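Breakdown of the fold
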Amino acid sequence: MFNFLKNHPFAVEAFFENSLVLTFAVSKEQLQHLIPECLELDTFKDQWAFVAAAMVQTKDLRPKGFPKCMGNDFFLIGYRVFVRYRNNTGKKLRGLYILKSETDKRKMEFMGNLFTHYNYSTTDIRQTEKENIKEIQSVKSKFKVSICKTEENIPLPADSPFADWKEARRFAGPLPFTFTYNKETQEVLIIEGVRQNWIPAPVKILDYNFGFLGTLKLENPILANAFIIKNIPYYWKKGKIEPWKQKEENFKAF
């Protein structure tokens, strides 16, 4: 009855204190079955496709225009695939398809699942800093990431498919759009994110493990890049819905 609420019915804003994103490269054939028919994989050299784990500390998350005192602070974890979508005007949009989302507070799980299709669950999050090492981990979700906070002139991860950080930055995320597909109605929900002062900085990953990525049974995933951004105002526009089948039929005429 209230399914329309899940379509991101209003704009939302927040302040990103920091966002750490690890992107993994696998052969494109391994990710194809994870995305809906309306999307295509955003690939590199027509060989590599990408799945990312993003960890974001948000502050004052609230409906856009509401005072900060009505906002909430949450830690968010998102697992997503890099994709492309051609909209009804023929424009190709780069974006993300969400596989799973986690948060450190039940309030965000409830609100996230009420107003989005992002499949939120609540988990434990522990962040520690010792000397020059920061760790983010969850016992329940079986993940742990260790990063070096001080190293400069950071090299790309070993075996990364990218030649340099400039190439790698194209798959740093988050991308401008996020897509959800309703198979029953054959409609695509498009959510656009708007950000300021977006300068991803390479970070050295000392160790990592993600339990959820293990459930995808990917063969030989390669850490392709790792970036961190800090102190970013961010907001998501109200969701926009368009029919996918109608768009597909229109393009058959060309």
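Residues numbered from 1 in each chain as written. Predicted model: local features only at pLDDT ≥ 70, side-chain atom pairs only at ≥ 80, totals over all residues. Heavy atoms only, no water.

Reading across the sheet, the 4 strands line up as 7-8-9-13 and stay open at both edges, with antiparallel pairing between neighbours. In the strand order of this sheet, the two ends are held by strand 7 (126-130) and strand 13 (204-210), each with one partner. This sheet shows a mean twist of 10° between the axes of neighbouring strands, independent of strand direction. Summarising the sheet, strand 9 (residues 143-148) and strand 13 pair through 6 bridges and their orientation is antiparallel. Bridge pairing in strand 13 places K144 opposite N209. (Pairing = 2+ DSSP bridges. Helix = DSSP H or I, 4+ residues; strand = E, 2+ residues; numbered from the N terminus. Axes fitted to C-alpha atoms, helices over the stretch in contact; angles between N-to-C directions.)

Let's shift gears to the packing of aromatic side chains. One pass over the full model with this rule turns up 21 aromatic pairs. Aromatic pair F16 and W236: ring centres 6.0 Å apart, planes at 50°, arrangement tilted. Of the two residues, F16 sits in strand 1 (residues 12-27) while W236 sits in strand 14 (residues 222-236), which places them 220 residues apart along the sequence. We classify W236 as buried; its relative accessible area is 19%. An aromatic cluster of at least three residues, connected via ring pairs, comprises F24, Y79, F143, Y208, F210 and F212. Of note, K64 hangs over the ring of Y235, and the distance from its end group to the ring centre comes to 4.1 Å. In this arrangement the basic side chain of R94 is found over the ring face of F171, its NZ or CZ atom lying 5.1 Å from the centre. (Phe/Tyr/Trp six-rings, centres within 6.5 Å; stacked < 30°, edge-to-face > 60°. Buried < 20%, exposed > 50% of the residue type's maximum accessible area, 1.4 Å probe, protein only. Lys NZ or Arg CZ within 6 Å of the ring centre and 35° of its normal.)

Our focus in this paragraph is the nonpolar core. L20, L22, L31, M55, Y85, F179 and F210 are the most contacted members of the largest nonpolar core, which has 43 residues in total. Looking at this core, the element that brings in the most residues is strand 4 (residues 72-86), giving 6 residues. Residues in contact with M55, not counting those within four places in the same chain, are N18, S19, L20, L22, F75, L76, I77, I136, F143, V145 and F210. Counting 19 residues, the second largest nonpolar core, distinct from the first, contains V21, F50, A52 and I154. (Core = buried A, V, L, I, M, F, W, Y, C linked by side-chain atoms within 4.5 Å. Contact = heavy atoms within 4.5 Å.)

What follows covers the confidence of the model for the chain. Here the chain averages 92 in pLDDT, while 94% of its residues score no lower than 70. Mean pLDDT per element in the chain: helix 4 (residues 244-252) is the minimum at 54, and strand 2 (residues 40-41) is the maximum at 98. Note on residues 247-254: pLDDT is under 50 here. Beyond four places in sequence and across chains, it has 9 contacts. (pLDDT = per-residue confidence, 0-100.)

Looking down a regular strand, the side chains alternate between one sheet face and the other. Most of strand 14 sits inside the fold, with 11 of its 15 residues counted as buried. Sheet topology note: the strand 1/strand 14 ladder contains 13 bridges and is antiparallel. Bridge assignment links F16 to a residue of strand 14, and that residue is I232. Pairing geometry for strand 12 (residues 201-202) and strand 14, over 2 bridges, is antiparallel. If you follow P202 over to strand 14, its bridge partner there is F227.

What follows covers the layout of surface pockets. When its volume is computed, the largest pocket comes out at roughly 790 Å³. Around the largest pocket, the lining is made up of 39 residues, and of these L61, L76, M108, Y120 and W236 lie nearest the centre. No other element matches the 6 residues that strand 4 contributes to the lining of the largest pocket. For the lining of the largest pocket, the class distribution of residues is 26 nonpolar, 9 polar and 4 charged. (1 Å grid on protein atoms, 1.4 Å probe; cavity = no way out; pocket = protein on both sides within 12 Å on 5 of 7 lines; lining within 4 Å. Points joined across faces, edges and corners; volume = space filled by probe spheres on them. Nonpolar A, V, L, I, M, F, W, Y, C, P; charged D, E, K, R; others polar.)

Peptide bonds are mostly trans, and most non-glycine residues show a negative phi. Positive phi, close to 70°, is recorded for D159, a residue that is not glycine. Backbone geometry at N220 places phi at a positive 55°, although glycine is not the residue there. Tracing the sequence through the fold places N220 in the loop between helix 3 (211-215) and strand 14. A relative accessible area of 67% means that N220 is categorised as exposed.

Right, let's get into the environment of A168. Structurally, A168 can be placed in helix 2 (residues 165-169). Relative accessible area serves as the criterion here: at 0%, A168 is assigned to the buried category. Between the C-alpha atoms of A168 and P202, which are 34 residues apart in sequence, the distance is 9.5 Å. Each residue touching A168, except ones within four places of it in the same chain, is listed here: L156, F162, N225 and F227.

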